[in-house]
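# Structural characterization, general
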Amino acid sequence: MALSDPAERLALALTEGGLQRMTARVLAALLFTERETMTAGEIADTLTISSGSVSTALKSLSTVGLIERVPAPGSRREHFRLREGAWATLMSGQNAMIGTMREAADEGITVTGADSVAGARLAEMRDFYDYLWRELPVLIDRWRDGRRR
């Protein structure tokens, strides 16, 4: 069973957003499946890709918290599914990157000087990431609260 056109379009959009192509396709397969879980073999069959590509993609998606391994009674194979709250987890994980970008801008301002042209550009960068640093956790908490209701 191949991915549907909407699933392939989502994978393409994710790829254009920076995700590796096979990782995007594996994520789309897990999003669009009607099954509760899928094995690596089922994903490889669905996408007609190698087990190595699936393994690499699953590791990447697990690392960022989008998917999880789950037990499957009666099966000796590992099963995977999209983690509940995956999108909020993913965005929460972005705080480390946001902090790194903010710190890099601060260091750049120190080197270039706050009154320089480069310093002004770096200050805008720092201010943007500082804003995200403050607002993203609040936004994610509001979203989670709304889901609980």
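Okay, so let's go over this structure. (Residues numbered from 1 in each chain as written. Predicted model: local features only at pLDDT ≥ 70, side-chain atom pairs only at ≥ 80, totals over all residues. Heavy atoms only, no water.)

If you walk through the whole model with that rule in mind, you get ten salt bridges. Arg81 is the salt-bridge partner of Glu68, the closest N and O atoms lying 2.8 Å from each other. Remark: Arg81 occurs in strand β3 (residues 79–82) and Glu68 occurs in strand β2 (residues 67–70); sequence separation between them is 13 residues. Residue Arg81 is classed as partly exposed on the basis of its relative accessible area of 35%. Of the charged contacts in the structure, one is a salt bridge between Asp130 and Arg134, with a shortest N-O distance of 2.7 Å. (Salt bridge = Lys/Arg side-chain N within 4 Å of Asp/Glu carboxyl O. Helix = DSSP H or I, 4+ residues; strand = E, 2+ residues; numbered from the N terminus. Buried < 20%, exposed > 50% of the residue type's maximum accessible area, 1.4 Å probe, protein only.)

In this structure, Val26, Leu30, Ile43, Leu47, Leu58 and Ile67 are the most contacted members of the largest nonpolar core, which totals 22 residues. When residues of this core are traced back to their parent elements, those giving at least two are α1 (5–16), α2 (21–32), α3 (40–47) and α4 (51–63). No other element matches α2, which puts six residues into this core. Membership of the second largest hydrophobic core comes to five residues, among which are Ala88, Ile98, Leu136 and Ile140. (Core = buried A, V, L, I, M, F, W, Y, C linked by side-chain atoms within 4.5 Å.)

The next subject is the packing of aromatic side chains. Under the defined criterion, the tally for this structure stands at one aromatic pair. Taking 5.2 Å as the distance between ring centres and 80 degrees as the angle between the ring planes, the aromatic pair formed by Phe128 and Tyr129 counts as edge-to-face. The cationic tip of Arg102 hangs over the ring face of Trp133; the distance from NZ or CZ to the ring centre is 4.7 Å. (Phe/Tyr/Trp six-rings, centres within 6.5 Å; stacked < 30°, edge-to-face > 60°. Lys NZ or Arg CZ within 6 Å of the ring centre and 35° of its normal.)

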